[in-house]
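# Analysis of the macromolecular model
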Amino acid sequence: MSDIAHHDPVLPSVAAEPSRGGIWRNLAVWGLLPSWLLMGFALLVPIIIIAAVSFATRGAYGGFDWGFNLAGYRQILFNEGWTGELEFTPQYMVIILRTLLLAGTTTLLCLLMAVPVAYYIANQPRHLKTILVYLVTLPFWISMILRIYAWMIILGRHGPMPRLLELFGAPGGLSFMYNDGATLAAMVYTYMPLMVLPVFASIEKLDGTLIEAAHDLYGNRWITLRRVILPLTAPGIAAGAILVFVPALGAVLEPTLMGGGKQMMMGSLIQLQFGGGRNWPFGAAIAMTLLIFVTIVLILIARRAAMREVTT
Amino acid sequence: MSDRNDVKRYPGLGALSLLFFVYLYAPLAVVVVYSFNENRITGVWTQFSTKWYASALQNDALMDALKTSLIVAVTATVIATTIALSAALAIIRGRDLRFRRVSETVVNLPLLLPEIVLAVATLILFSLIGLQNGMLKLIIAHSAFCTPFAFLPIRARLQGMSLDFEEAASDLYASRLTVFRRVTLPLILPGLFSGAMLAFLISMDDFITSNMLSSGGTTTLPVYIFSLIRAGTSPELNAIATMLILASLILATIALLVASRGERDHE
């Protein structure tokens, strides 16, 4: 195309093409240099280091000594006795399973609430739609610690939730805090906007005539939902699932504040290992395990979404 | 739309959505209401009072934490927005597609990885290179995870923008710097502004990284609030929370308004 431009002076718009390169030449390299430097220093290098530390030896006075051993990973499953014998301990496996279970349940509950609400918003008149989307987004920008704190009040002793249940005959002075249910309540609440927005975005793009066609072919509302609406919103659901599941896997504040320290998740376990200088290689090993989970989820969901896109 | 036989209508969705919005905002309202409770015990209402606001505003530790948070957030926002702007220009205007794709993933990486992993990873790095300055540690880490939040609105704005204005200016012999200053910058200003606001909010709200990196003199606001929560719910804490919730709501509203006005300009 640029050949023609050079030979043919009557095509000024095409001839102007090279000037585009003129203004912006080398911009890609120089413009991206600062981000590569920052992300390299504050992100990529630290990830490589933490991978290395997960294979290091625990230091005598906290910290670690470089080396290669699997003690950090072994500790996830086994407890090492005084004489070096290995004894299976389920406590960290319980934490890993709890993490997967709570993050999965959170994603599912968010999805169950998000789909009908997103569908409702998408079918509103334009002006109202803008306002409702804004109302969904807004809580996300409030500090997470404060949104969790609100649930500590609601579920805690003398809080609105126990009070409400007292009206229905529950005994007084109840508290719903410090268990997995409380952690789950806070997680669903804090990650909800991240699910509604992408699901809404893909429902909004839905072609209304397809729904009408489904009805013309005698599909009732339920069949239409299952066979038309949900498959067509799969990309939005996949995006929402990633946006909720990934941070939910790494949740720290919810289990720490709502679970009360004993009902730990992987995130709070990692924090604990680095908090009092306890066991860095073990903490790093848990962090790497978490990173592997996240990578698997990203690949799985991305691949399934891609498959759906091809098949529908 | 209100036609009962409309096939796109599902019965009960309106009521369900109303419940959803109550669910979204009621917990915040609870904090606000209890912040005006005169009683020391959060759940037991005695009478309306604003005394906890007075005591919150006189709390020196709170003000110190606020100052630390503001210094970190403002500095990190400036760094993150500058880097994001330069990255967005390069990614939208650059030529090498593969390099641009990889770079975009790298810029957005903080959004894909669990924050706790990044937090402990930076902690290890800083302890290895012996970086002692608490403020500097916070600023570097915050700049990194704020960058994608500044990047996305700027990128969205740039993507919808025609190259014609910049080309016209450069055809009229404006230098590259002049083109950028007089044409590009004013056009992307809404994206730049909302990106900066969002980066600022994310930095102000951060707990996980700040808690990991903070030391004696550099307690940020969320880290301080965490220590208050650990000590138990209190009406003063409710007053602090209410003020912060209000501040976040106002800033986020401004940022979102500017961003949506920017989008409308494109249409």
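Residues numbered from 1 in each chain as written. Chains lettered and ligands numbered in written order. Predicted model: local features only at pLDDT ≥ 70, side-chain atom pairs only at ≥ 80, totals over all residues. Heavy atoms only, no water.

### A look at the overall build of chain B
Counting its regular elements, chain B contains 11 helices and zero strands. Secondary structure elements of chain B occur, N-terminal to C-terminal, as α-α-α-α-α-α-α-α-α-α-α. Reported as C-alpha extents along the three principal axes, the dimensions of chain B are approximately 70 × 70 × 30 Å. Looking at chain B as a whole, 52% of its 267 residues are labelled buried. For chain B, the exposed surface amounts to about 12300 Å²; the carbon and sulfur share of it is 64%. Of note, chain B has its 20 positive side-chain charges centred 2 Å away from the centre of its 18 negative side-chain charges. (Helix = DSSP H or I, 4+ residues; strand = E, 2+ residues; numbered from the N terminus. Buried < 20%, exposed > 50% of the residue type's maximum accessible area, 1.4 Å probe, protein only. Areas by Shrake-Rupley, 256 points an atom, 1.4 Å probe, with all protein chains shown as cover. Lys, Arg positive; Asp, Glu negative; His and termini not counted. Charge placed at Lys NZ, Arg CZ, Asp CG, Glu CD.)

### As for the packing of aromatic side chains
Evaluation of the coordinates by the stated rule reveals 18 aromatic pairs over all chains. Ring plane angle 5° and centroid distance 6.3 Å describe the contact between W36(A) and F99(B), whose orientation is recorded as stacked. In this pair, W36(A) sits in helix α4 (residues 27–53) while F99(B) sits in helix α4 (residues 97–112), so the two residues belong to two different chains. A residue is classified by how much of its surface remains accessible, and F99(B), at 26% relative accessible area, is partly exposed. A network of ring pairs unites the aromatic residues F64(A), W66(A), F274(A) and W280(A) as a single cluster. (Phe/Tyr/Trp six-rings, centres within 6.5 Å; stacked < 30°, edge-to-face > 60°.)

### Some details on the UniProt feature "domain: ABC transmembrane type-1" (unreviewed entry) in chain B
According to UniProt, the "domain: ABC transmembrane type-1" (unreviewed entry) feature falls on residues 66–255 of chain B. This span, residues 66–255 of chain B, is 84% helix and 0% strand, and a straight line between its end C-alpha atoms measures 21 Å. (UniProt positions renumbered as here; feature names shortened; annotations may be inferred.)

### A few points about the UniProt feature "transmembrane region" (unreviewed entry) in chain A
All names here are of chain A. Under the local residue numbering, the UniProt record ascribes the feature "transmembrane region" (unreviewed entry) to residues 27–56, 95–119, 131–154, 181–201, 228–253 and 282–302. For the annotated span residues 228–253, helix accounts for 85% and strand for 0% of the residues, and the straight-line distance between the end C-alpha atoms is 38 Å. The annotated region residues 282–302 carries 100% helix and 0% strand content, and the separation between its end C-alpha atoms amounts to 30 Å.

### Examining the interface of chain B and chain A
Listed as interface residues are 96 residues of chain B and, on the opposing side, 88 residues of chain A. Summing the contributions of chain B and of chain A, the shared interface buries around 8400 Å²; its carbon and sulfur component is 79%. At the surface where chain B touches chain A, the tally comes to nine residue pairs in polar contact (both at pLDDT 80 or more). A total of 14 residues in the side of chain B that touches chain A trace back to one element, the largest contributor, which is helix α1 (residues 13–34) of chain B. Looking at the side of chain B that touches chain A residue by residue, the classes come out as 65 nonpolar, 19 polar and 12 charged. (Contact = heavy atoms within 4.5 Å. Buried area = accessible area lost by both parts, 1.4 Å probe. Polar contact = N/O pair within 3.5 Å; in protein donor to acceptor, adjacent residues only side chain to side chain. Nonpolar A, V, L, I, M, F, W, Y, C, P; charged D, E, K, R; others polar.)

### Topic: helix α6 (residues 91–122) of chain A
For an α-helix, the turn length of 3.6 residues means that residues three or four places apart are oriented alike. When the terminal C-alpha atoms of α6(A) are compared, their 45 Å separation across 32 residues agrees well with the 46 Å that a helix rising 1.5 Å per residue should span. Along its length, α6(A) shows its largest kink, about 30°, at A114(A), and proline P116(A) lies within four residues downstream of that point. (Expected span 1.5 Å × (residues − 1). Bend = angle between axes of the 7 residues up to and from the residue.)

### Quick look at the UniProt feature "transmembrane region" (unreviewed entry) in chain B
Residues and elements named next belong to chain B. UniProt marks residues 12–36, 70–94, 106–129, 183–204 and 237–259 with the feature "transmembrane region" (unreviewed entry), using the numbering shown here. Structurally, residues 12–36 comprises 88% helix and 0% strand, and the distance from its first C-alpha atom to its last is 36 Å. Here residues 183–204 is 100% helix and 0% strand, with 32 Å between the C-alpha atoms at its ends.

### Points about the domain arrangement of chain A
Residue and element names in this part refer to chain A. Parsing chain A into structural domains produces domain 1 (2–53) and domain 2 (91–311). On the side of domain 2, six residues touch domain 1, which itself brings four residues to the contact. Of the roughly 390 Å² buried at the junction of domain 1 and domain 2 (both faces included), carbon and sulfur atoms supply 89%. On the domain 1 side of the interface with domain 2, the three residues burying the most area are I47, I50 and V53, jointly 87% of the side's total. Joining domain 1 to domain 2, the criterion identifies zero salt bridges. Our enumeration of links across domain 1 and domain 2 arrives at zero residue pairs in polar contact (both at pLDDT 80 or more). Here the side of domain 1 that touches domain 2 is composed, by residue class, of four nonpolar, no polar and no charged. (Domains from an automatic or database assignment. Salt bridge = Lys/Arg side-chain N within 4 Å of Asp/Glu carboxyl O.)

### Details of the environment of P125(A)
Mapping P125(A) onto the fold places it in the loop between α6 and α7 (126–137). Remark: the alpha-carbon pair of P125(A) and I299(A), spanning 174 residues in sequence, is separated by 37 Å.

### Considering empty space enclosed by the protein
One way to see where empty space is left: roll a probe the size of a water molecule over the atoms. Scanning the entire structure with this criterion turns up one cavity of 30 Å³ or more. In this model, the largest cavity occupies a volume close to 80 Å³. If you trace the largest cavity, you find it lined by A42(A), L43(A), E115(B), L118(B), A119(B), T122(B), A141(B), A144(B), F145(B) and T209(B). Among the secondary structure elements, those contributing two or more residues to the lining of the largest cavity are α4 of chain A together with α5 (115–128) and α6 (134–159) of chain B. For the lining of the largest cavity, the element with the highest residue contribution is α5(B), accounting for four residues. Here the lining of the largest cavity is built from residues that sort into seven nonpolar, two polar and one charged. (1 Å grid on protein atoms, 1.4 Å probe; cavity = no way out; pocket = protein on both sides within 12 Å on 5 of 7 lines; lining within 4 Å. Points joined across faces, edges and corners; volume = space filled by probe spheres on them.)

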